[in-house]
Amino acid sequence: MEIANPIVITGLARTFENNVALRVLNARGQVIAEDFTTATGEMGTHSPYRGTVWITSDPGPRVTVQALEYSAKDGSERSVVSVERPFNVEVIEAYLSLATPDCNGTVAAKQRVPKSISHARLLVETLIRSRNTPFPQGSRIQSINLRDGVVTVDFNERLQNVGGACRAEMIREMVTKTLMRVPNVKRVVITAAGSEKLALQP
């Protein structure tokens, strides 16, 4: 396990359909980040998995990293494995554009987040997890690429139909205004499952 941002978690699992839930708790024992991954191998055997969890708030001096399985029958937690580690990642101030509760625009905000070598990715991950977020549940970043001043953010298919014109406009404004503050970024392109045309449909 690599303690950085994101936290890279690896191991062996034997779970239903090879699904592995990952989560990180802060120094106070509160869950601050969750994600999932899939073990690669034949079901019913202990197979390797690898996942990344982005930390978008200051966790304090220590984190607890957990891998577990949620029961397909009743949703209960099973086979929880916990590892506690010191968290020595520098915390910086991130400059964001966040949606207003009434969907009338965005406001500038600062948030303390653990530093990452992938600063643009960290900013957008923080937007997805912000308060009053217009991002649909299940929104995930597939990739972020910067080339010749153009940064392209590719989300999963959840960003194709977002549930209303206002939500679509808020997401576009949040991502664009936030990333335009990053040095060398001149334009922001948003795609969903690789398609710019299908991204952010109301």
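Colleague: Looking at this structure, how should I read the overall build of the protein chain?
Modeller: Looking only at helices and strands, the protein chain has two helices and eleven strands in total. Traced from its N-terminal end to its C-terminal end, the protein chain shows the element sequence β-β-β-β-β-β-β-β-α-β-β-α-β. The globule rule puts the C-alpha radius of gyration for 202 residues at 17 Å, and the 18 Å found for the protein chain is close to it. Scored against the burial criterion, the 202 residues of the protein chain give a buried share of 46%. In the protein chain, once contacts between residues fewer than 6 apart in sequence are set aside, the share between residues at least 24 apart is 59%. Counting only carbon and sulfur atoms, one obtains 48% of the accessible surface of the protein chain, whose full area is about 11,000 Å². Separation of charge centres in the protein chain, based on 24 positive and 20 negative side chains, amounts to 3 Å.

Colleague: Is there a simple way to think about the nonpolar core in this case?
Modeller: In globular proteins that are soluble, nonpolar side chains generally tend to be buried together. With 33 residues, the main nonpolar core has F135, F155, L159, V175 and L179 as its most contacted residues. Excluding anything up to four places from it in sequence, F155 contacts V124, I128, F135, R140, I141, Q142, V175, I190, T191, A192 and A193. The next biggest cluster of nonpolar side chains, apart from the first, holds 17 residues, and it includes I9, V20, L22 and A33.

Colleague: In this structure, what is going on with the packing of helix α1 (residues 119-128) against helix α2 (residues 165-179)? I would like to understand it.
Modeller: Two quantities define a packed helix pair, namely the angle between the axes and the distance from one axis to the other. Taken N-terminus to C-terminus, the directions of α1 and α2 make an angle of 150°; their axes are 10 Å apart at the nearest point. Classified by the angle between their axes, α1 and α2 sit roughly antiparallel to one another. Pair α1 / α2 crosses with right-handed handedness. Contacts from A120, L123, V124 and L127 of α1 reach α2 at M174, V175, T178 and L179. For the contact of α1 with α2, the per-class residue count stands at seven nonpolar, one polar and no charged.

Colleague: So what exactly am I meant to see when it comes to the pattern of salt bridges here?
Modeller: Pairing is possible between side chains that carry opposite charge, provided their charged atoms lie close to one another. In the structure shown here, the tally under the stated rule is nine salt bridges. The shortest N-O distance in the salt bridge between D35 and R140 comes to 2.4 Å. Taken together, the positions of D35 in strand β3 (residues 31-38) and R140 in the loop between α1 and β9 (141-147) put the pair 105 residues apart, joining distant regions of the chain. The exposure class of D35 is buried, given its relative accessible area of 15%. A single network of salt bridges, built from pairs that share partners, joins R121, E125 and R129.

Colleague: Could you clarify how one ought to interpret the sheet that holds β3 in this entry?
Modeller: Two orientations exist for strands paired in a sheet by backbone hydrogen bonds: parallel and antiparallel. A sheet is described by the order of its strands in space; here four strands give the open sequence β3-β2-β5-β6, paired in antiparallel fashion. Every interior strand has two partners, whereas the edge strands, β3 and β6 (77-86), have only one. Strand-to-strand twist of the sheet, defined as the mean angle between neighbouring strand axes without regard to direction, takes the value 20°. Inspection of the sheet shows strand β2 (residues 19-25) paired to strand β5 (residues 62-70) by five bridges, in the antiparallel sense. What sits directly across from V24, in β5, is V65.

Colleague: I'm lost on the pairing of strand β4 (residues 47-53) in this one. Help?
Modeller: The two faces of a sheet get side chains in turn, since along a regular strand they alternate between them. By the alternation rule, side chains of β4 split into S47, Y49, G51 and V53, which are all buried, and P48, R50 and T52, of which none is buried. Here seven bridges tie strand β1 (residues 7-13) to β4, and the two strands are oriented antiparallel to one another. Paired with G11 across the bridge in β4 is Y49.

Colleague: How should the packing of aromatic side chains be read in this particular structure?
Modeller: Each pair of aromatic rings is reported with the distance of its centres and the angle of its planes. Taken as a whole, this structure holds one aromatic pair when the rule is applied. Aromatic pair F135 and F155: ring centres 5.8 Å apart, planes at 45°, arrangement tilted. Highlighted residues: F135 in the loop between α1 and β9 and F155 in strand β10 (residues 150-155), separated in sequence by 20 residues. The residues F135 and F155 share a single accessibility class, namely buried. In this structure, R140 is placed above the aromatic ring of F36, and the distance from its NZ or CZ to the ring centre is 4.5 Å.

Here is what the cut-offs are and how they apply
Residues numbered from 1 in each chain as written. Predicted model: local features only at pLDDT ≥ 70, side-chain atom pairs only at ≥ 80, totals over all residues. Heavy atoms only, no water. Helix = DSSP H or I, 4+ residues; strand = E, 2+ residues; numbered from the N terminus. Rg over C-alpha atoms; globule rule 2.2 N^0.38 Å. Buried < 20%, exposed > 50% of the residue type's maximum accessible area, 1.4 Å probe, protein only. Contact = heavy atoms within 4.5 Å. Areas by Shrake-Rupley, 256 points an atom, 1.4 Å probe, with all protein chains shown as cover. Lys, Arg positive; Asp, Glu negative; His and termini not counted. Charge placed at Lys NZ, Arg CZ, Asp CG, Glu CD. Core = buried A, V, L, I, M, F, W, Y, C linked by side-chain atoms within 4.5 Å. Axes fitted to C-alpha atoms, helices over the stretch in contact; angles between N-to-C directions. Parallel < 35°, antiparallel > 145°, perpendicular 65-115°, else oblique. Left-handed = near helix turned anticlockwise from the far one by under 90°. Nonpolar A, V, L, I, M, F, W, Y, C, P; charged D, E, K, R; others polar. Salt bridge = Lys/Arg side-chain N within 4 Å of Asp/Glu carboxyl O. Pairing = 2+ DSSP bridges. Phe/Tyr/Trp six-rings, centres within 6.5 Å; stacked < 30°, edge-to-face > 60°. Lys NZ or Arg CZ within 6 Å of the ring centre and 35° of its normal.

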